[in-house]
Amino acid sequence: MAAEPSVEIPVPVQDAFEVLADGWLYGLWVVGASHIRKVDPGWPQVGTRIHHSVGGWPLARQDTTKVRSVDAPHRLELEARLWPAGAAYIRLDLSELGPDRTEVTMTERVVHGPGKLLPGPVQDLALAPRNRESLQRFAALAVGRSPRSPG
């Protein structure tokens, strides 16, 4: 089973999902994404992509993240590519804990490339700390953008 870090956010589930629905914010909360070049019209509909850079200059690489499945405002499934390293499947689950409380859980697995050869627990060791930080950034954005948040 994959490591699944989560975070509780004091905002309604719809307000949290709106952060995911704004592809231009992706680079602000996803650790490693450094520059958003383009967001396909209709994001986050299935098949739409965010065109982004990963890593810092001068080693940044351009690639894309594509929506595989969406069930707004409760789930978003993505395929994040990073050539030549491969691609990862990412699932974000948003659970309503109350009218103004949402839990966001993130699951990630390498699905293409050399990282796929690593056993799940080894992938977890590499991915879970980055994903915990991404969720903390996501939470800060959701609270800051929500008109109903306490802070």
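The paragraphs below set out a description of the structure included in this document. (Residues numbered from 1 in each chain as written. Predicted model: local features only at pLDDT ≥ 70, side-chain atom pairs only at ≥ 80, totals over all residues. Heavy atoms only, no water.)

Here we look at the environment of Lys38
- Inspection of the secondary structure puts Lys38 in strand β2 (residues 33–39).
- Overall, the relative accessible area of 44% leaves Lys38 in the partly exposed class.
- For the pair Lys38 and Trp24, spaced 14 residues apart in sequence, the C-alpha separation works out to 7.9 Å. (Helix = DSSP H or I, 4+ residues; strand = E, 2+ residues; numbered from the N terminus. Buried < 20%, exposed > 50% of the residue type's maximum accessible area, 1.4 Å probe, protein only.)

Regarding the side chain of Glu79
- Turning to its location among the elements, Glu79 is positioned in strand β5 (residues 75–82).
- Setting aside residues no more than four positions away along its own chain, Glu79 makes contact with Thr64, Thr65, Lys66, Arg68, Ala87, Ala88 and His112. (Contact = heavy atoms within 4.5 Å.)

Quick notes on the packing of aromatic side chains
- A full pass over the atoms with the stated rule returns two aromatic pairs.
- When the ring of Tyr26 is compared with that of Trp29, the centres are 6.0 Å apart and the planes differ by 75°; the resulting orientation is edge-to-face. Of the two residues, Tyr26 and Trp29 both sit in helix α2 (residues 26–29), three residues apart, roughly one turn of that helix. The pair Tyr26 / Trp29 is uniform in exposure class, with both members buried.
- An aromatic cluster is present here, built from Tyr26, Trp29 and Phe138 joined pairwise through their rings. (Phe/Tyr/Trp six-rings, centres within 6.5 Å; stacked < 30°, edge-to-face > 60°.)

Structural notes on the environment of Val67
- Tracing the backbone through its elements, the reader meets Val67 in strand β4 (residues 61–71).
- Its relative accessible area of 1% is what places Val67 among the buried residues.
- Spatially, the C-alpha atoms of Val67 and Gly47 are 5.2 Å apart, while their sequence positions differ by 20 residues.
- Each residue touching Val67, except ones within four places of it in the same chain, is listed here: Trp43, Pro44, Gln45, Val46, Gly47, Thr48, Leu76, Glu77 and Leu78.

Digging into unusual backbone geometry
- Residue Pro44 is reached from Trp43 by a cis peptide bond, and omega for that bond is 10°.
- Relative to the helices and strands, Pro44 is located in the loop between β2 and β3 (49–54).
- Of note, the amide linkage connecting Ala72 to Pro73 takes the cis form, showing an omega dihedral of 0°.

Observations concerning the layout of surface pockets
- Its volume calculated, the largest pocket comes out at about 440 Å³.
- Sorting the residues of the lining of the largest pocket by element identifies α2, β3, β5, β6 (86–98), β7 (101–112) and α3 (120–145) as the ones contributing at least two each.
- For the lining of the largest pocket, the class distribution of residues is 16 nonpolar, six polar and three charged. (1 Å grid on protein atoms, 1.4 Å probe; cavity = no way out; pocket = protein on both sides within 12 Å on 5 of 7 lines; lining within 4 Å. Points joined across faces, edges and corners; volume = space filled by probe spheres on them. Nonpolar A, V, L, I, M, F, W, Y, C, P; charged D, E, K, R; others polar.)

Structural notes on the sheet that holds β5
- Pairing is antiparallel across the open sheet formed by seven strands, whose spatial order is β1-β7-β6-β5-β4-β3-β2. The sheet terminates laterally at β1 (6–9) and β2, the two strands that pair on one side only. Ignoring strand direction, the axes of neighbouring strands in this sheet form an average angle of 25°.
- Judged from the eleven bridges that link them, β6 and β7 form a sheet pairing that is antiparallel. Bridged to Tyr89 within β7 is Arg109.
- Sheet contacts for α3: β1, β6 and β7; angle to β7, the most-contacted strand, approximately 145°. (Pairing = 2+ DSSP bridges. Axes fitted to C-alpha atoms, helices over the stretch in contact; angles between N-to-C directions.)

Concerning the packing of helix α1 (residues 13–21) against α3
- Viewed as axis vectors pointing N to C, α1 and α3 meet at an angle of 115°, and their least axial separation amounts to 9 Å. What the angle tells us is that α1 and α3 run roughly perpendicular. As for how α1 packs across α3, the hand of that crossing is right-handed. Where α1 approaches α3, its residues Ala16, Glu18, Val19 and Leu20 are matched on the opposing element by Phe138, Leu141, Ala142 and Arg145.
- Class assignment of the residues belonging to the contact of α1 with α3 gives a composition of six nonpolar, no polar and two charged. (Parallel < 35°, antiparallel > 145°, perpendicular 65-115°, else oblique. Left-handed = near helix turned anticlockwise from the far one by under 90°.)

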